[in-house]
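Chain residues, written in single-letter form:
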Amino acid sequence: MATIFTALQDVQARIDTACTAVGRNPAEVKLLAVSKTFPASDIHALYQFGQRAFGENYVQELVNKCQILAKCKDIEWHFIGPLQSNKTRLVAENAAWVHTIDRLKIAERLSAQRPQHLPPLNICLQVNVSGEASKSGLAADQVIALAEQVVKLPQLCLRGLMCIPESSHDSTLLAQQFLVLVQLKEQLQARGLALDTLSMGMSNDLESAIAAGSTLLRVGSAIFGQRHYSS
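Remember, predicted model here, so these are calculated numbers, not experimental data.

K.L.:
Can you walk me through the state of the cysteines in this structure?
P.N.:
In a disulfide, the sulfur atoms of two cysteines are covalently bonded to one another. With the rule as written, the count across this model stands at 0 disulfides. Its sulfur unpaired, cysteine 19 is 17 Å from the next cysteine sulfur, which belongs to cysteine 163. Here cysteine 157 stays free of any disulfide, with the sulfur of cysteine 124 as its closest cysteine sulfur at 9.8 Å. With a relative accessible area of 32%, cysteine 157 lands in the partly exposed category.

K.L.:
What is the right way to look at the pairing of strand β5 (residues 121–127) in this model?
P.N.:
Every regular strand shows the same layout, with side chains that alternate between the two sheet faces. In terms of burial, β5 is a largely internal element, 7 of the 7 residues being buried. Residues Leu121, Ile123, Leu125 and Val127 of β5 are buried on one face, and the alternating residues Asn122, Cys124 and Gln126, pointing to the opposite face, are buried as well. As defined by bridge partners, strand β4 (residues 97–101) adjoins β5 across 3 bridges and the pair is classed as parallel. Residue pairing across strands places valine 98 opposite isoleucine 123, the latter belonging to β5. In this view, the connection linking β4 to its parallel neighbour β5 by way of helix α5 (residues 104–113) has right-handed handedness. With 7 bridges connecting them, β5 and strand β6 (residues 156–163) associate as parallel partners. Residue pairing for β6: valine 127 is matched across the bridge by cysteine 163.

The rules behind these values
- Residues numbered from 1 in each chain as written.
- Predicted model: local features only at pLDDT ≥ 70, side-chain atom pairs only at ≥ 80, totals over all residues.
- Heavy atoms only, no water.
- Disulfide = S-S within 2.5 Å.
- Buried < 20%, exposed > 50% of the residue type's maximum accessible area, 1.4 Å probe, protein only.
- Helix = DSSP H or I, 4+ residues; strand = E, 2+ residues; numbered from the N terminus.
- Pairing = 2+ DSSP bridges.
- Right-handed = clockwise from strand over helix to strand, strands pointing away.

Shown next as structure tokens:
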């Protein structure tokens, strides 16, 4: 477990350095540890080290880990994977955040299925900033219309926007794609939507994301190591 703690410290040091380089307060940037495919014991180890926000891509894995770690009452679970309509209830009942909304139908189901005793589910709209056909998410010109519908749903709280840019080491390209998200957030705020979240930046591009204004980083492999998927 010392290794995973060292990795967490290294990521936090990268965040601090990147924030200092652009004159930002590191407290403005939240770290989401993306724990998909890793065991609940790894999450518990990081929890003991003070990490509280964890991201999962698969619905059943999210549910299983919620059950195993039920005693860790203040874990904040984020669902960051594709969500099918037949799985929305499980996410509505277990997650605190969903980052991948790009259809009104999914948002409506999450709102209807969110238990009344829980606070509204925090939502980010996913935007396809690279235009890649392989990526999910809204086109930039679709974001305002969906945001204005989602913000009316009673058991949801629209917090911001999320993106996955191209996999690239070209900092200029990354900055251009992150800027799309920044400008959309500003447009929505100008229309009266109280957004506070830009979910952008992962293990390989977190410095570029911080420079662009990210408030929430989704970091997996830099903390947990390389993933090994079953066939």
